[in-house]
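Structural overview for review
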Amino acid sequence: MPEANQRMQHIEVPGTRQFANRVAEFPDAVDLTLGQPDFETPRPIREAAIDAINTKSMKYSHNTGLLELRTAIADYYKDRFGATYDPQGEILVTVGGSEGIDGVLRAILDPGDEVIVPAPTYLGYEPIIELSGGVTRFVDTTDTGLIATPELIESNITNRTKAVLLNYPTNPTGVTYTKAQMDALVEVFRKHDIFIITDEIYGENTLEGEHISLAGYQEIKEKVLVISGLSKSHGMTGWRIGHVAGHRSIMEEVTAVHLYNTICASIPSQYAAIEALRNQLNIPKEMNQKYIERRDYIYDRLTHMGLDVSKPTGAFYIFPSVKKYETDSFRFATDLLETVQLAVVPGRSFSAFGEGHIRLSFACSMEELKEAADRLEKYIGMLESR
Ligand SMILES: Cc1ncc(COP(=O)(O)O)c(C=O)c1O
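Residues numbered from 1 in each chain as written. Predicted model: local features only at pLDDT ≥ 70, side-chain atom pairs only at ≥ 80, totals over all residues. Heavy atoms only, no water.

1. Section: the overall build of the protein
Each helix and strand counted, the protein has 12 helices and 12 strands in total. In summary, the protein has a C-alpha radius of gyration of 21 Å against a globular reference of 21 Å for 386 residues, a match within 12%. The principal-axis extents of the C-alpha atoms in the protein amount to approximately 65 × 55 × 50 Å. The buried share of the protein, reckoned over its 386 residues, is 57%. Here the analysis covers contacts within the protein between residues at least 6 apart in sequence; of these, 76% occur between residues at least 24 apart. (Helix = DSSP H or I, 4+ residues; strand = E, 2+ residues; numbered from the N terminus. Rg over C-alpha atoms; globule rule 2.2 N^0.38 Å. Buried < 20%, exposed > 50% of the residue type's maximum accessible area, 1.4 Å probe, protein only. Contact = heavy atoms within 4.5 Å.)

2. Notes on the environment of S266
Relative to the elements of secondary structure, S266 occurs in the loop between α8 (248–261) and α9 (267–279). In this structure the C-alpha to C-alpha distance between S266 and N156, which are 110 residues apart in sequence, comes to 39 Å. Here S269 takes part through its side chain, which lies 3.3 Å from a polar atom of the side chain of S266. (Polar contact = N/O pair within 3.5 Å; in protein donor to acceptor, adjacent residues only side chain to side chain.)

3. So, unusual backbone geometry
Put simply, A119 and P120 share a cis peptide bond, and its omega is 5 degrees. Take P120: it is sitting in the loop between β3 (114–119) and α5 (125–131). Omega for the bond connecting N171 with P172 falls within 30 degrees of zero, at 25 degrees, which places this linkage in the cis form. Locating P172 in the fold gives a position in the loop between β5 (161–167) and α7 (179–191). Not every positive phi belongs to a glycine, and R240 is a case in point at roughly 60 degrees. Phi angles above zero are rare outside glycine, and I263 is one such case at about 70 degrees. When you line up the elements, I263 lands in the loop between α8 and α9.

4. Comments concerning the environment of T33
Positionally, T33 belongs in the loop between β1 (30–31) and α2 (43–55). Once the C-alpha coordinates of T33 and V344 are considered, the two residues, 311 residues apart in sequence, prove to be 4.9 Å apart. Apart from residues lying up to four places away in sequence, T33 is in contact with A343, V344, V345, R359 and S361. Within polar-contact distance, the side chain of T33 engages the side chain of D31 at 2.5 Å.

5. With respect to the site of the ligand
Near the ligand you find 14 residues, and of these G97, S98, D199, S231 and K232 are the closest. The separation between an oxygen atom of the ligand and a polar side-chain atom of Y202 is 2.8 Å. Side-chain polar atom of R240 to an oxygen atom of the ligand: 2.8 Å apart, as the coordinates give it. Protein chains shield 92% of the accessible area of the ligand, which is 400 Å² for the free molecule. For the shell around the ligand, the element with the most residues is helix α4 (residues 96–108), which contributes 4 residues. (Near = heavy atom within 4 Å. Areas by Shrake-Rupley, 256 points an atom, 1.4 Å probe, with all protein chains shown as cover.)

6. As for the sheet that holds strand β12 (residues 358–361)
Pairing is antiparallel in the open sheet, where 3 strands are placed in the order β9-β12-β11. Edge strands, defined here as strands with exactly one partner in the open sheet, are β9 (317–318) and β11 (345–346). (Pairing = 2+ DSSP bridges.)

7. Quick notes on helix α3 (residues 67–81)
The end-to-end C-alpha separation of α3 is 21 Å, in line with the 21 Å expected for 15 residues at 1.5 Å each. The set of residues buried in α3 consists of L69, R70, A72, I73, A74, Y76, Y77 and F81. Buried residues along α3 sit in contact with β2 (91–94), β7 (224–229), β8 (242–246) and α9. Phi for G82, located one or two positions after α3, is positive at around 65 degrees. (Expected span 1.5 Å × (residues − 1).)

8. A word on the domain arrangement of the protein
Along its sequence, the protein is carved into domain 1 (6–41 + 283–384) and domain 2 (58–279). Once you take the C-alpha centre of each, domain 1 and domain 2 turn out to be 25 Å apart. Every contact between the two is made by 35 residues of domain 1 and, on the other side, 37 residues of domain 2. Buried area between domain 1 and domain 2, summed over both chains or domains, comes out near 3000 Å², and the portion from carbon and sulfur atoms is 63%. The largest per-residue losses of area from domain 1 upon contact with domain 2 belong to R7, T313 and F353, which jointly make up 22% of the total buried on that side. Between domain 1 and domain 2 we count 1 salt bridge in total. Here R295 ties to E208 by a salt bridge, and the two come within 2.9 Å at their closest N and O atoms. Joining domain 1 to domain 2, the criterion identifies 17 residue pairs in polar contact (both at pLDDT 80 or more). For the side of domain 1 that touches domain 2, the leading source of residues is helix α10 (residues 283–304), giving 8 residues. (Domains from an automatic or database assignment. Buried area = accessible area lost by both parts, 1.4 Å probe. Salt bridge = Lys/Arg side-chain N within 4 Å of Asp/Glu carboxyl O.)

9. Quick word on the pattern of salt bridges
Considering all chains together, one arrives at 27 salt bridges under this definition. Between E338 and R22 there is a salt bridge whose closest N-O contact spans 2.8 Å. Here R22 lies in helix α1 (residues 15–23) and E338 lies in helix α11 (residues 329–340), a separation of 316 residues in the sequence. A relative accessible area of 38% places E338 in the partly exposed class. For R22, a relative accessible area of 25% corresponds to the partly exposed category. For R137, the salt bridge goes to E114, with nearest N and O atoms at 3.5 Å. Of the two residues, R137 sits in strand β4 (residues 135–140) while E114 sits in strand β3, which places them 23 residues apart along the sequence.

Next up, the structure:
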């Protein structure tokens, strides 16, 4: 039998997928494993795509995306963060944030290059780093409030470091960075000749204060590659629209990867994205109001249960520690599912540094969240009386 390449042998089916298969066995389960907004794409965004299908050319666009969309993205960065990106050469429209992650990593990594990834972290980075020949260097943030500090980053930089990959607001912890924290990190980034990849897909879902984009630090623009998109901000996961913004010196290479694997993003989706960015920037704010209500509710319930948990300041996830009951998060999540039919994601899915935690998504109705909290409380009560 012919075999897949050597690198594939180290790529595992993600823990979340294995676990999702188990969840399907429990039809009455309350499912808090969700990684996408429960809100549907707003009507005007859909209408814009339908209108485009009926009236515009549906042939390939420019490889980097429709100029109208790239201009809308550049204007967004200018208005929100005072950042200047030229739509001609510094903005690339991708197939979701995912394709942006793939394109950026493949464009910059040579075999053996290290990428520093503060963890617990999104499970989509490590496989792409490895497939690109790179080495993932997870950095433990569990003792520093789930954020990367300048000391943590600096002490992990070696002569093989090619990039630091940040994601904030963070999946799975819901933590984000203040201006002071980001300023301090930028001081480190300024000193080192490495790329800073920043996945800000949850940037619009900042629940406390303002999102501090690394795009706003134009003095290090040559090093920064911003990945974002509309999947989470506008309930558009199925449209597959994201983007990369960066200095033209490196965007040429990122675009070359995209050109060969994708040609261009879907045209109806690109028109939908123009509407989202031009006329629907209030949508994430409306969603955030709901997320804040749910976040406050679930945070109160979890702390009342005596679980150690940080209050999320972004995204729609909360990441309590269950170590006092069980250090093996897969075992905890499996037993929770089998005993009270509550599905959550085991923390180990987000690197070894997520072990002992579970991720709950509050991208669900308040009723589901209440039912989930009741089931978790019941389960913990059972563990305590065991
Ligand atoms: C941190 C992070 N980055 C990227 C993605 C992928 O986004 P997209 O659906 O736009 O490809 C996700 C999806 O869950 C995510 O959590």
